[in-house]
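Observations on the model geometry
Letter by letter, the chains look like this.
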Amino acid sequence: MSKSQSQEWSNSGVGLFLDFERHRHRGLRAGIETGVRDAIRSGRLAHGTLLPPTRALARDLRVSRRTVVEAYSQLAAEGWIEGRRGSGTVVAFAAGQERGADTIRERQPVRWRFDMRPGRPDPSSFPRAEWLRALRRALAVAPDDALGYSSPRGQLALRAELAGYLGRARGLRITPADLLITTGFTQGLGLIARCLAAAGARRIAIEEPSMPLHRAIVRAAGHELVLLTVDQDGVRVDELEHAREVAAVVLTPNRQHPTGAMLSARRRSRLLEWARDTGAFIVEDDYDGEFRYDGHPLGPLQGLEPGVVIYAGTTSKTLAPAVRLGWLAVPESLRRALTREKELSDWHTGALDQLAFTELLRGSGYDRHIRKMRLRYRSRRDAVIDAIGLSSPALQITGAAAGLNLLIRLADAATEGRALAAIRAAGVGVEGLIEGGYYERDGLAGVVIGYAAASEHTFHGAIEALAGALSTVVPHGTVDAIGGPATRSR
Ligand SMILES: Cc1ncc(COP(=O)(O)O)c(C=O)c1O
């Protein structure tokens, strides 16, 4: 018997590692018994763990089935294991170290009765049936090769479908060769920051407010951050013009996160001019660009100047954050270095997700889902604005023309703290502009409300609870809205 056969039996159906070789000198039966006892005692085999059937274990160990049956009987008589009718033999003794997922004490994310946290799509609307169909279709036709390692850039079929979609639906100027498939914006930003750092860059500009995670990712790549103010016209491009040696600017021009401001046409042209003049890149985070309800989108910066813009998209808002699929449209000059960075990071994004998403795009299922969700989120947004307007007419709502969130501006951090406490006491999960770490310098106070995150059946309860809690909050007196005043349209 070889060492590997003695220690790990994989063809018994149930994988089991026993240090059998060490105990073998006691005899075959005693070796099995001691191996199982040791594994249970050490906590490696937890209470309830299924053991291999005797026949399979005997085959794996190349011993007679009778030897294994006798070993199991002895272990059962001692109370270590027990046979369960119809479900095999399981570990009966708990060594005090339970290891099932439900027994591990890790900090679990807070589960809100009503989820109105920003940036999250409705999980109950995930197109489960369409995704399953797409995956089934993809697996049925995929050649074996598709299950091997593949290009760091992503599967060509996906890049071809996606290029078609992004050109048609989002206004990009793009070919499949421009695309790099990632596991989302989070990865894409890290790749860009590391790639620029490797080329000697040291400074990257980013909006403030912005997600703390994004600032941390850029800093982790070794960059100094230049923080740019945001007002009702989006990011202040003049601050960028006065900054030195900035290699790239990271921004959300189509819907500033979390204020909801859209970068004005004037600032767009100044930004592109700045990038052309300095040789810097614009990282256009189009995280929720599919959802615009009022007004005209100005179209992505990438469509105006593909040579200086790295465009980033994601399925995290259109499908679900759990999918972990995103893409970068990369200027030619950065393509090789970014592809190499992706390879260094994780070789390539999971092929099964890429295949399923390709199918979803191909059959227009993605378009249909987005259209359906746009209508649903728009009516949710209207319902939230109505409910808040009724309960607290003096509150100022901004940033509601697009995306999945709106913002209620408040006077100061103390008011924000009181508002968050009242809302959360009503069982509603939301975020604070200040508490959420969106600012590093002095910032505006407010509550960021995501109207997409609740599942369909909890949404109406959620807005009732929210509106009730908000009616206790002191309104902000001024009208210096960022993100533009709230509008509603049906
Ligand atoms: C501003 C912004 N960009 C991008 C993303 C998406 O990141 P990812 O694609 O890694 O899920 C988010 C998600 O919260 C976000 O808020």
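Located above this text is the structure these notes cover.
Residues numbered from 1 in each chain as written. Predicted model: local features only at pLDDT ≥ 70, side-chain atom pairs only at ≥ 80, totals over all residues. Heavy atoms only, no water.

1. Focus: the overall build of the protein chain
Quick note on the threshold: Where helices and strands are cited, they refer to DSSP runs of H or I of at least four residues and of E of at least two residues respectively, numbered from the N terminus. To sort residues, take the accessible area from a 1.4 Å probe on protein chains only and compare it with the maximum for the residue type: under 20% means buried, over 50% means exposed, and anything in between is partly exposed. Contact criterion: two residues are considered in contact whenever any of their non-hydrogen atoms come within 4.5 Å of each other. To measure how exposed things are, a 1.4 Å probe is used in the Shrake-Rupley method; for residues, cover is taken only from the protein chains shown. In this tally, Asp and Glu contribute negative charge and Lys and Arg positive charge; neither His nor the terminal groups of the chain are included. Charged groups are reduced to one reference atom each: NZ for lysine, CZ for arginine, CG for aspartic acid, CD for glutamic acid.
In terms of regular secondary structure, the protein chain is built from 17 helices and 18 strands. Taken over the C-alpha atoms alone, the protein chain extends approximately 85 × 55 × 45 Å along its principal axes. For the protein chain, the proportion of its 490 residues judged to be buried stands at 53%. The long-range share in the protein chain, meaning contacts at least 24 apart out of those at least 6 apart in sequence, stands at 73%. Accessible area for the protein chain stands at about 22200 Å²; split by element, carbon and sulfur atoms hold 52% of it. Looking at the protein chain, you have 66 positive and 55 negative side-chain charges, and the mean spots of the two groups are 5 Å apart.

2. Structural notes on the packing of aromatic side chains
The description of an aromatic ring pair uses the distance of the two centres, along with the angle that the planes make with each other. Applied cut-off: Stacked, tilted and edge-to-face are the three classes applied to pairs of Phe, Tyr and Trp rings, where Trp contributes its six-membered ring and a pair requires centres within 6.5 Å; stacked means planes under 30 degrees apart, edge-to-face means over 60, and tilted covers the rest. Whether a charge lies above a ring is judged from NZ of Lys or CZ of Arg, which has to be within 6 Å of the ring centre and within 35 degrees of the ring normal.
Applying the stated criterion to the full structure yields 7 aromatic pairs. When the centroid spacing of 5.0 Å and the interplanar angle of 55° are considered together, the rings of tryptophan 80 and phenylalanine 93 count as tilted. Pair noted here: tryptophan 80 is in the loop between helix H5 (65-77) and strand E3 (81-84) and phenylalanine 93 is in the loop between strand E4 (88-91) and strand E5 (114-115), with a separation of 13 residues, a long-range link. You can call phenylalanine 93 partly exposed: its relative accessible area is 37%. Consider the rings of phenylalanine 126 and tryptophan 131, whose centres lie 6.1 Å apart with planes at 55°: the pair is tilted. In this pair, the class of phenylalanine 126 matches that of tryptophan 131, namely buried. In this structure an aromatic cluster arises from ring pairing among Tyr165, Trp327, Phe357 and Tyr366. The ring of phenylalanine 459 is capped by arginine 380, whose NZ or CZ atom sits 4.6 Å from the centre of that ring.

3. Things to note about the sheet that holds strand E11 (residues 281-285)
Two strands in a sheet stick together by hydrogen bonds in their backbones, pointing the same way (parallel) or opposite ways (antiparallel). The condition that has to hold: One requirement defines pairing of two strands: DSSP has to find at least two bridges between them. Axis definition: a line fitted to C-alpha atoms, over the contacting stretch in the case of helices. Angles run 0 to 180 degrees between N-to-C directions.
Taken together, 8 strands build an open sheet; the order of strands is E6-E13-E12-E11-E10-E7-E8-E9 and the sheet is mixed. Unpaired on one side and paired on the other, strand E6 (179-182) and strand E9 (234-235) mark the two borders of the sheet. Sitting on the sheet, helix H7 (residues 156-170) touches E6, strand E12 (309-314) and strand E13 (326-329), and the angle it makes with E6 is about 105°. With respect to the sheet, helix H9 (residues 212-220) is in contact with strand E7 (203-208), strand E8 (224-231) and E11, its orientation differing from that of E8 by roughly 155°.

4. What about the nonpolar core?
To keep it simple, the criterion reads: To form a nonpolar core, buried Ala, Val, Leu, Ile, Met, Phe, Trp, Tyr and Cys residues must be joined to one another through side-chain atoms within 4.5 Å.
The biggest cluster of nonpolar side chains holds 63 residues, and the ones touching the most others in it are Met116, Phe357, Ile449 and Leu466. In terms of residue count, the dominant contributor to this core is helix H15 (residues 365-391) (9 residues). Every residue in contact with methionine 116, bar those within four places of it in the chain, is listed here: Val384, Val428, Gly429, Val430, Val448, Ile449, Gly450, Tyr451, Phe459, Ala462, Ile463 and Leu466.

5. Comments concerning the pattern of salt bridges
The criterion, for reference: Here a salt bridge means any side-chain nitrogen of Lys or Arg lying within 4 Å of a carboxyl oxygen belonging to Asp or Glu.
Here the structure, examined in full by the defined rule, presents 33 salt bridges. Here arginine 236 and aspartate 238 are joined by a salt bridge, their closest N and O atoms 3.0 Å apart. According to the relative accessible area criterion, arginine 236 is partly exposed, its value standing at 28%. Measuring nitrogen to oxygen at the nearest pair gives 2.7 Å for the salt bridge that ties glutamate 456 to arginine 380. Linking glutamate 456 in helix H17 (residues 456-470) with arginine 380 in helix H15, this pair joins segments that are 76 residues apart in sequence. One network of salt bridges, with partners in common, ties together Arg29, Glu33, Arg37, Arg66, Glu70 and Glu78.

6. Here we look at the layout of surface pockets
Operational definition: Of the grid points, spaced at 1 Å and generated over the protein atoms alone, those admitting a 1.4 Å probe that cannot get out make up cavities, while open sets with protein on both sides within 12 Å along at least five of seven lines make up pockets; any residue with an atom within 4 Å of a point is treated as lining. Grid points are joined across faces, edges and corners, and a volume is the space filled by probe spheres set on the points.
Space inside the largest pocket adds up to approximately 600 Å³. Taken together, 26 residues make up the lining of the largest pocket; nearest its centre are Gly119, Met211, His214, His257 and Lys317. Among the secondary structure elements, those contributing two or more residues to the lining of the largest pocket are helix H8 (185-198), E7, H9 and strand E10 (248-251). Among the elements that make up the lining of the largest pocket, the one with the highest residue count is H9 (3 residues).

7. Remarks on the side chain of aspartate 285
Structurally, aspartate 285 is set in strand E11. Of the side chains bearing the opposite charge, lysine 317 lies closest to the buried aspartate 285, which forms no salt bridge; the N-O distance is 8.2 Å. Apart from the residues within four sequence positions on either side, aspartate 285 is in contact with Phe185, His214, Leu251, Thr252, Pro253 and Ala312.

8. A few points about the environment of phenylalanine 357
Mapped onto the elements, phenylalanine 357 comes out in helix H14 (residues 351-362). Spatially, the C-alpha atom of phenylalanine 357 lies 9.5 Å from that of threonine 315, the residues being 42 residues apart in sequence. In this structure, phenylalanine 357 is in contact with Trp131, Leu158, Leu162, Thr315, Leu319, Leu325, Trp327 and Tyr366, ignoring residues within four places of it in sequence.

9. A look at the sheet that holds strand E18 (residues 445-450)
With respect to topology, 4 strands assemble into an open sheet ordered E14-E15-E18-E17, the strand pairing being antiparallel. Among the strands making up the open sheet, the edge pair consists of strand E14 (396-398) and strand E17 (431-432). Bridge count between strand E15 (residues 405-410) and E18: 6 bridges; the pairing is antiparallel. Bridge pairing links leucine 410 to alanine 445 in E18.

10. What to know about the packing of H7 against H14
For clarity, the cut-off: Crossings are assigned a handedness: left-handed for a near helix turned anticlockwise from the far helix by less than a right angle, right-handed for a clockwise turn. Classification used: nonpolar for Ala, Val, Leu, Ile, Met, Phe, Trp, Tyr, Cys and Pro, charged for Asp, Glu, Lys and Arg, polar for all others including Gly.
Packing of H7 against H14 brings their axes to within 9 Å, and their N-to-C directions diverge by 35°. Two packed elements cross with a definite hand, and for H7 against H14 that hand is left-handed. Packed against H7, whose contacting residues are Ala157, Leu158, Glu161, Leu162 and Tyr165, the element H14 presents Gln354, Phe357, Thr358, Leu361 and Arg362 at the interface. Its residues assigned to classes, the contact of H7 with H14 shows 6 nonpolar, 2 polar and 2 charged.

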